[in-house]
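One-letter residues, chain by chain:
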Amino acid sequence: MILTVTLNPALDLTYRLPAVRLHAGNRVRDVRQQAGGKGVNVARVLAALGRTAIVTGLAGGPTGQALRADLAAAALHDELVEVAGETRRTVAVADDRDTTVFLEPGPPVTAPEWRRFLAHYRRLLPGTAVAVLSGSLPPGLPADAYAVLVELARAHGVPAVLDADGPALLGALPAGPAVVKPNAHELAAATGTGDPVRGAERLRAAGAAAVVASLGPDGLLAATAEGRWRARPPGALPGNPTGAGDSAVAALALGLADGTPWPERLRRAAALSAATVLAPVAGQYDAEAYRRLLDEVRIEPLEPQPDRSGPCRPPTAQPGGEP
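To keep things clear, this report deals only with the structure shown in the data block. Bear in mind the structure is a predicted one, so any value in this text is a computation, not a measurement.

Here we take up the sheet that holds strand β7 (residues 99-103). Taken in spatial order, the 4 strands line up as β3-β2-β6-β7 in an open sheet, and their pairing is mixed. Strands at the two margins of the open sheet, each flanked by one partner only, are β3 (30-36) and β7. Each strand axis lies, on average, 20 degrees off the axis of its neighbour in the sheet, ignoring direction. With 7 bridges joining them, strand β2 (residues 10-16) and strand β6 (residues 88-94) adopt parallel strand pairing. Opposite Leu 11, over in β6, you have Arg 89 as the bridge partner. Helix α1 (residues 38-48) contacts β2 and β3 of the sheet and is inclined by roughly 95 degrees relative to β3. Sheet contacts for helix α2 (residues 61-73): β2, β3 and β6; angle to β3, the most-contacted strand, approximately 90 degrees.

This is how it looks when you write it as structure tokens:
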């Protein structure tokens, strides 16, 4: 079983239309609504791959009820903890060229609600193979929230995959997550370098056992104790990139749970991420494209690069990237 934690889930709205006109009326061609947030998307992909995933996190208000109703309709195992605040919404506007996403901040979480979630999280850890910790922190949570979750998982012998950015990422590194997965922007902001190999090694020096960086159409880069690799898809694919990183996280969590060697783990993550771009909404992927891309993704070993500078910027680095 893989446990996905989404502390700031959302009810996702996706609007599709041929082209967006700024400062003008836009007629939407298609509207979709579903439970979202990075960990929820990971759970959807895991379920589509035939694996058991549990969704936990914080949800509240009528929007939270709508989110939970959608989880039930998708047959996803709901272990969310109720809070008094209203769950946020996100709006993705996708035209034939690109996607623009609008993100609400999320409800404030009180100290008693956080303590109640931690008790629930502890009860879920026994029997868990991997804990996936994804997304932004809602207002009110401590800056070390992910560090606490990583430490609790490790105390139960459960490796943690962390997909966060800014202070939430940097604050969790000393706790020793098994894998962290920033995108290129998040990696540069956290480490102060535009070189993804050096940036990944700085995150490893700060405490992450392995780092996998999403580089958009250029694929994935992995820095681990076993070696460094680059996974390159055959080329850029047209579509909606929302959720592509979450699919990569799902593949990385599966690889960790199954003990898959790193090059193959990275190949599957890159293929699944690329196949997600071809799907209409986050949490889905094109199964036929995934099978084809598994044969087309190239894995390249990378030579180590010396880096004598400090591991990371201080935890005051500005966040960036997806929620």
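Structure shown, so let's carry the discussion forward.
Per the counting criterion, the structure on display carries 17 salt bridges. Of the charged contacts in the structure, one is a salt bridge between Glu 82 and Arg 68, with a shortest N-O distance of 3.1 Å. With a gap of 14 residues between them, Glu 82 in strand β5 (residues 77-82) and Arg 68 in helix α2 connect regions that are remote in the sequence. Judged by its relative accessible area of 23%, Arg 68 falls in the partly exposed class.

Within the secondary structure, Gly 199 sits in helix α7 (residues 196-205). Residue Gly 199 is classed as buried on the basis of its relative accessible area of 0%. When the C-alpha atoms of Gly 199 and Pro 18 are compared, they prove to be 38 Å apart, with 181 residues separating the residues in sequence. Beyond its immediate stretch of four places on either side in the chain, Gly 199 contacts Leu 187, Thr 191 and Thr 193.

What follows covers the pairing of strand β1 (residues 2-6). With 5 of its 5 residues buried, β1 lies for the most part within the structure. Burial along β1 is two-sided: the residues Ile 2, Thr 4 and Thr 6 and Leu 3 and Val 5 are all buried. Here β1 runs beside strand β8 (residues 130-134); their pairing, made up of 5 bridges, is parallel. Residue Val 5 lies in a different strand from β8, and its bridge partner there is Leu 133.

Turning to the packing of aromatic side chains, a few remarks are in order. Under the counting rule described, the total for this entry stands at 3 aromatic pairs. Judged by centre distance (6.0 Å) and plane angle (25 degrees), the ring pair of Phe 117 and Tyr 121 falls under stacked. Placement of the pair is Phe 117 and Tyr 121 together in helix α3 (residues 111-124), with a separation of 4 residues, close to one helical turn. Taking relative accessible area as the criterion, Phe 117 reaches 0% and is therefore assigned buried. Seen in terms of ring centroids, Tyr 285 and Tyr 290 are 5.8 Å apart; in terms of plane orientation they differ by 80 degrees. Their pairing is edge-to-face. Among the residues examined, Tyr 285 registers a relative accessible area of 18% and is labelled buried. Of the aromatic side chains, those joined through ring pairs into one cluster are Trp 114, Phe 117 and Tyr 121. Positioned above the aromatic ring of Trp 262 is the side chain of Arg 265, whose terminal nitrogen or guanidinium carbon lies 4.2 Å from the ring centre.

What follows concerns the pairing of β7. Direction of pairing for β6 relative to β7: antiparallel, over a ladder of 5 bridges. Of the residues in β7, the one forming a bridge with Ala 92 is Val 101. In textbook terms, the turn of a hairpin is the stretch between consecutive antiparallel strands, and for β6 and β7 this stretch comprises 4 residues.

Take empty space enclosed by the protein next. In this approach the atoms are scanned with a rolling probe the size of a water molecule, which exposes any empty space left behind. Inspection of every chain in the model, using the stated rule, returns 2 cavities of 30 Å³ or more. Of the voids in this model, the largest cavity is the one considered here, and its volume is about 40 Å³. Leu 7, Asn 8, Pro 9, Leu 58, Val 83, Thr 87, Pro 107, Val 109 and Pro 138 together form the lining of the largest cavity. Taken together, the residues of the lining of the largest cavity sort by class into 7 nonpolar, 2 polar and no charged. By volume, the second largest cavity amounts to about 30 Å³. Along the walls of the second largest cavity sit 10 residues, with Thr 6, Asn 8, Ser 134, Gly 135 and Ser 136 positioned nearest its centre. Of the residues contributing to the lining of the second largest cavity, the split by class is 2 nonpolar, 6 polar and 2 charged.

Conventions we followed
- In every chain, residue numbers begin from 1 and rise along the written sequence.
- It should be noted that, the model being predicted, local features are given only for residues of pLDDT at least 70 and side-chain atom pairs only at 80 or more, the latter also being counted only at that level, while totals for whole chains, interfaces and linings use all residues.
- The basis for every side-chain value is the complete set of heavy atoms in the structure, and neither hydrogens nor water enter the calculation.
- Note on pairing: two strands pair once DSSP finds at least 2 bridges between them.
- Helix and strand labels come from DSSP, where a helix needs a run of H or I of at least four residues and a strand needs a run of E of at least two; each type is numbered from the N terminus.
- Every axis in this analysis is a line fitted to C-alpha atoms, fitted for helices over the stretch in contact. Angles between the N-to-C directions lie between 0 and 180 degrees.
- In what follows, a contact means two residues having at least one pair of non-hydrogen atoms within 4.5 Å.
- What counts as a salt bridge is simple: a side-chain nitrogen of Lys or Arg found within 4 Å of a carboxyl oxygen of Asp or Glu.
- Exposure classes here rest on a 1.4 Å probe applied to the protein chains alone. A residue is buried below 20% of its type maximum, exposed above 50%, and partly exposed in between.
- Two aromatic rings from Phe, Tyr or Trp, using only the six-membered ring of Trp, form a pair when their centres are within 6.5 Å; if the ring planes differ by under 30 degrees the pair is stacked, by over 60 it is edge-to-face, and anything between is tilted.
- Comment: the charge-over-ring label is applied if NZ (Lys) or CZ (Arg) is within 6 Å of the ring centre and within 35 degrees of the ring normal.
- In this analysis a 1.4 Å probe is tested at points of a 1 Å grid over the protein atoms alone, and where it fits but cannot get out there is a cavity; an open set with protein on both sides within 12 Å along at least five of seven lines is a pocket; lining residues have an atom within 4 Å of a point.
- Grid points are joined across faces, edges and corners, and a volume is the space filled by probe spheres set on the points.
- Asp, Glu, Lys and Arg are counted as charged, while Ala, Val, Leu, Ile, Met, Phe, Trp, Tyr, Cys and Pro are counted as nonpolar; the rest, among them Gly, fall into the polar class.

None of the figures reported here should be taken as evidence of function without further support.
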